[in-house]
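Working through the structure, step by step
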Amino acid sequence: MPQDGSGDTPVIEFRNISRVYGTGEAEVRALDGVDLKIHHGEFVAIMGPSGSGKSTAMNVIGCLDSPTGGEYLFNGVDVAGLSQDQRALLRRHYLGFVFQGFNLLPRTPALENVELPLIYKGIPPEERRARAMEALEQVGLAQRAAHDPSELSGGQQQRVAIARALAASSEVLLADEPTGNLDSHRSVEIMELLVKLRAERNLTIVMVTHEDDMAAFADRLIWMVDGRVERDEPTRKEVPHVG
Amino acid sequence: MWAETIRLAIKAVARNALRSVLTVLGVVIGVAAVIAMVTVGQGSSDQVTQDVGKLGTNVLIVRPGQNTMGPGGSSTSARQFEQRDIDRLIAEIPQIEAASGAERTTMMAVAGNVNHQATVQGVTNAYLQATDWPVSLGRTFLSAEEDSGRPVCLLGETVRQDLFGNADPVGEKVRLKSLSCEVVGVLEAKGASSFGNDQDDTVMIPLRTFQRRISGTSTISMIYMAIEDGYSTDLAKSEIEAALRDMRRIGLGEEDDFSVMDMKQLASMLTGITSVLTGLLAAVAAVSLLVGGIGIMNIMLVSVTERTREIGIRLAIGAQARQVLQQFLVEAIVLSLMGGLLGIALGLGLAAIAANVMAIPFSPDPLVVLGAFGFSALVGVVFGYFPARRAARMDPIEALRHQ
Ligand SMILES: Nc1ncnc2c1ncn2[C@@H]1O[C@H](COP(=O)(O)OP(=O)(O)OP(=O)(O)O)[C@@H](O)[C@H]1O
Ligand SMILES: [Mg+2]
């Protein structure tokens, strides 16, 4: 079995994954035979033209969607063999999501949003609160704990979503265009936060982005076209200048 | 997790307070109707039992014909009784403590220039004894007055108040059509009867006087009897029935042409009428609960659609389908329980007011309250299940994309 640098089982492994929507004339091959290995602690950026299958790939990685062909191994376990409930547990314990639309519960304070996954983990209220607070501190939003998402800026909302993944101690952070709605200054803040957390927590981060500047924060870049991986290479490590 | 789910549901319900209240209105009305009806029904049947208890559980009432008791009951063509029937019963059955024929009609009673419409009854002292009804002023009839049919009378408290106010009427004259009789006593106040009519609105004269001066016959349409304490009324009843069958020459296998009723029977007949009414109204309440349940289902469906994105988020961060189902189901149950509680409060309030107005006891039944509570929870489960299942079956990706 081919081994790469880190030597252990990849956290995420795609083997000839495809995801086909519709049939016949209307058939769309959103993913078309993708092979991919992502190891523990990696920060991977996925780029590509619109409709190239980036979000579809993220959904499959996040066990929100099932591939129509191929094998997806998570930490060496074939996800296809898991029940719907087991996949929910996998999301609960290993995966954190940070999406473009800042997926926070509306009219719910930041702290409660961060607590949400801990509720499903069955953690008692005090400990939950403490861990959520700690996570908010790490993203620099401790003073905003009581604010509803509508009272937070886009960047702050995105940081709350990151704190939510941190509180749940997710190993893998999936970020689909996390800076899509942010100006470049806020975007860089988010990227710096991700880089810092990756270093501190040894998180695995998979991020979809349309911006080269953001992709540059990652250490590996996957370029997709028409549902296929066209390029997979380390990023040029030149820190972009932000004015 | 459960505590969390319930807390969450209460929060969700409270967030749309006005909408929630409007949604559960059907349940509130349904539950309130059931509680109010059952409580009032219970109160009135308690009242009947109380009244009957006051009358004495050892009292038997004999009437010609079958099933002629009760509100609106009228005697049939069956042969009426005579005084000698009563005398024979007393002679044959020593356990009869007191027995009196009774006749009634409604007449105008006049004193001076005051008129008053009252129930005029022809009875003997034995009637007062059987019904345990003493006088508060003056005296009862003398046996000479009973035997010779003297024009004397006893006034019920209502008649006394109307004709004489608080003054002592003993020795005064009261005219019943052409019969002018002397007041010899005033009966103690008894209050309303089980049928709701005022028992104190009466003038009593000796039975013989009634027969001679008012009805003009010697027949008797009702016999009141008190049975010796400690002797079984059931036993006395069958003895009386046997004696009457013999006296009235009813052959073997022929139906009785009279009826002997004890107070227990009378009570159960009266409460029977109430329970028919209660059943009818309970059906109305059931329809209202059904409508209420559909209202809850409707609003839960709206809520599930509104919160599609929330459902997507919950699924994405690791909620299992059944946890989402549970969340919305509990929310529907909280909603309907809220309706149930409001309904119980409203129903008990209405019943308390009704009991006050109708002068019957306020008898809330904890079992009925508990039942209403449980039933409203059931409404939540039944009508909340479909919307909750819809929420649980959502595809997380679709749900997250929902705007
Ligand atoms: N539910 C669906 N039904 C049918 N086709 C779909 C569905 N979801 C995605 N697709 C198709 O799959 C392809 C890949 O979509 P995907 O969302 O993964 O693209 P993307 O790379 O994320 O694009 P973008 O950069 O615009 O977000 C597209 O052609 C899209 O139309
Ligand atoms: Mg996309």
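About the criteria used
- Residues numbered from 1 in each chain as written.
- Chains lettered and ligands numbered in written order.
- Predicted model: local features only at pLDDT ≥ 70, side-chain atom pairs only at ≥ 80, totals over all residues.
- Heavy atoms only, no water.
- Helix = DSSP H or I, 4+ residues; strand = E, 2+ residues; numbered from the N terminus.
- Rg over C-alpha atoms; globule rule 2.2 N^0.38 Å.
- Buried < 20%, exposed > 50% of the residue type's maximum accessible area, 1.4 Å probe, protein only.
- Contact = heavy atoms within 4.5 Å.
- Areas by Shrake-Rupley, 256 points an atom, 1.4 Å probe, with all protein chains shown as cover.
- Near = heavy atom within 4 Å.
- Polar contact = N/O pair within 3.5 Å; in protein donor to acceptor, adjacent residues only side chain to side chain.
- UniProt positions renumbered as here; feature names shortened; annotations may be inferred.
- Core = buried A, V, L, I, M, F, W, Y, C linked by side-chain atoms within 4.5 Å.
- Axes fitted to C-alpha atoms, helices over the stretch in contact; angles between N-to-C directions.
- Parallel < 35°, antiparallel > 145°, perpendicular 65-115°, else oblique.
- Left-handed = near helix turned anticlockwise from the far one by under 90°.
- Nonpolar A, V, L, I, M, F, W, Y, C, P; charged D, E, K, R; others polar.
- 1 Å grid on protein atoms, 1.4 Å probe; cavity = no way out; pocket = protein on both sides within 12 Å on 5 of 7 lines; lining within 4 Å.
- Points joined across faces, edges and corners; volume = space filled by probe spheres on them.
- Buried area = accessible area lost by both parts, 1.4 Å probe.
- Salt bridge = Lys/Arg side-chain N within 4 Å of Asp/Glu carboxyl O.
- Pairing = 2+ DSSP bridges.
- Domains from an automatic or database assignment.
- Phe/Tyr/Trp six-rings, centres within 6.5 Å; stacked < 30°, edge-to-face > 60°.
- pLDDT = per-residue confidence, 0-100.

Let us look at the overall build of chain A. Along the backbone of chain A there are seven helices and ten strands. The C-alpha atoms of chain A give 18 Å as radius of gyration, which agrees with the globular expectation for 243 residues (18 Å, within 12%). Along the three orthogonal principal directions, the C-alpha set of chain A runs to about 50 × 45 × 40 Å. Classification of the 243 residues of chain A by burial places 53% in the buried group. Partitioning the contacts of chain A with sequence separation of at least 6, the portion at a separation of at least 24 is 70%. Total accessible area computed for chain A in this model is approximately 10700 Å², and 48% of it derives from carbon and sulfur atoms.

A few words now on the overall build of chain B. Within chain B, the secondary structure is distributed over 14 helices and ten strands. Relative to its length of 403 residues, chain B is extended, with a C-alpha radius of gyration of 32 Å against a globular reference of 22 Å. Once the C-alpha set of chain B is aligned to its principal axes, its extents read approximately 100 × 55 × 35 Å. By sequence separation, contacts in chain B at least 24 residues apart represent 77% of the contacts at least 6 residues apart.

A word on the site of ligand 1. Of all residues adjacent to ligand 1, which total 14 residues, the nearest are A:Ser50, A:Gly51, A:Lys54, A:Ser55 and A:Thr56. Positioned at a junction of chains, ligand 1 has nearby residues supplied by chains A and B. A distance of 3.2 Å separates an oxygen atom of ligand 1 from a polar atom in the backbone of A:Ser52. With respect to ligand 1, the side chain of A:Thr56 contributes an N or O atom lying 2.5 Å from an oxygen atom.

The next subject is the UniProt feature "domain: ABC3 transporter permease C-terminal" (unreviewed entry) in chain B. According to UniProt, the "domain: ABC3 transporter permease C-terminal" (unreviewed entry) feature falls on residues 283–396 of chain B. Regarding residues 283–396 of chain B, the helix share stands at 87% and the strand share at 0%, and the terminal C-alpha atoms are separated by 43 Å.

In this section: the nonpolar core. Counting 73 residues, the largest nonpolar core has A:Ile12, A:Phe14, A:Tyr72 and A:Phe74 as the members making the most contacts within it. For this core, the element with the highest residue contribution is helix α12 (residues 321–358) of chain B, accounting for ten residues. In this structure, A:Val98, A:Leu197, A:Phe217 and A:Leu221 belong to the second largest nonpolar core, which totals 41 residues.

In this section: the packing of helix α11 (residues 308–316) of chain B against α12(B). All names here are of chain B. For the pair α11 and α12, interaxial distance at closest approach is 10 Å and the crossing angle is 140 degrees. For the element pair α11 / α12, the angle class is oblique. Handedness of the crossing formed by α11 with α12: right-handed. Along the contact surface, α11 presents Glu310, Ile311, Arg314 and Leu315, while α12 presents Val324, Gln327 and Phe328. Of the residues assigned to the contact of α11 with α12, the class counts are four nonpolar, one polar and two charged.

By the definition in use, this model includes four cavities of 30 Å³ or more. Computed from the structure, the largest cavity encloses a volume of approximately 110 Å³. A:Leu116, A:Ile119, A:Tyr120, B:Met1, B:Glu4, B:Thr5, B:Arg7, B:Leu8, B:Arg314, B:Gln323, B:Gln326 and B:Gln327 together form the lining of the largest cavity. Counting residues per element, the ones that place at least two in the lining of the largest cavity are α3 (110–120) of chain A together with α1 (2–15) and α12 of chain B. Ranked by residues supplied to the lining of the largest cavity, first place goes to α1(B) with four residues. Contributions of two or more residues to the lining of the second largest cavity are made by β6 (95–99) and α5 (154–167) of chain A. Per-element accounting of the lining of the second largest cavity gives the leading share, three residues, to β6(A).

Chain B puts 22 residues into the contact, and the matching count from chain A is 23 residues. Summed over both sides, the interface of chain B with chain A buries roughly 2200 Å², with 53% coming from carbon and sulfur. Interface area lost by chain B to chain A is led by B:Ile313, B:Ile317 and B:Ile397, which between them contribute 26%. Linking chain B to chain A there are three salt bridges. In this structure, the salt-bridge partner of A:Arg128 is B:Glu4, at a minimum N-O distance of 2.9 Å. Our count for the chain B to chain A interface comes out at ten residue pairs in polar contact (both at pLDDT 80 or more). Elements supplying a minimum of two residues to the side of chain B that touches chain A: α1, α11, α12 and α14 (396–401) of chain B. Residue composition of the side of chain B that touches chain A, grouped by class: ten nonpolar, four polar and eight charged.

Moving on to the sheet that holds strand β7 (residues 172–176) of chain A. All names here are of chain A. Spatially, the six strands line up as an open sheet ordered β6-β7-β8-β3-β9-β10, and their pairing is mixed. The open sheet has two edge strands, β6 and β10 (228–234), and neither has a second partner. Taking the axes of each pair of neighbouring strands and ignoring which way they run, one obtains an average angle of 15 degrees across the sheet. This element, α5, spans β6 and β7 of the sheet and lies at about 175 degrees to β6.

Residues and elements named next belong to chain A. Within the secondary structure layout, Ala145 lies in the loop between α4 (125–138) and α5. Residue Ala145 is classed as buried on the basis of its relative accessible area of 9%. Between the C-alpha atom of Ala145 and that of Val188, which follows or precedes it by 43 residues, the distance is 22 Å. If we ignore the near neighbours within four places in the chain, the residues touching Ala145 are Pro109, Ala110, Leu111, Met133 and Leu136.

All names here are of chain A. Contact pair α4 / α5: the axes reach a minimum separation of 8 Å and the direction vectors enclose 130 degrees. The orientation of α4 with respect to α5, classified from their angle, is oblique. Crossing of α4 against α5: the hand is right-handed. In this structure, α4 uses Arg131, Ala132, Ala135, Leu136 and Gln138 to contact α5, whose residues at the interface are Val160, Ala163, Leu166 and Ala167. Taken together, the residues that form the contact of α4 with α5 break down as seven nonpolar, one polar and one charged.

Each domain of chain B was delimited in the assignment, giving domain 1 (2–51 + 268–401) and domain 2 (96–229). If you average the C-alpha positions of domain 1 of chain B and of domain 2 of chain B, the two centres end up 54 Å apart.

Residue and element names in this part refer to chain A. As enumerated under the stated definition, the model contains four aromatic pairs over all chains in all. When the centroid spacing of 5.2 Å and the interplanar angle of 75 degrees are considered together, the rings of Phe14 and Tyr72 count as edge-to-face. Of the two residues, Phe14 is situated in strand β1 (residues 12–21) and Tyr72 in strand β4 (residues 69–74); the sequence distance between them amounts to 58 residues. Using a relative accessible area of 3% as the deciding quantity, one classes Tyr72 as buried.

All names here are of chain B. On average, residues of chain B carry a pLDDT of 87, and 92% of them reach 70 or more. In the model of chain B, helix α10 (residues 263–306) stands out as the element of lowest mean pLDDT, 80, in contrast to strand β5 (residues 152–155), which has the highest, 95. In the predicted structure, residues 68–75 sits below a pLDDT of 50 and forms 19 contacts with residues beyond four places in sequence or in another chain. Model confidence for the complex is summarised by a pTM of 0.71, with the ipTM given as 0.91.

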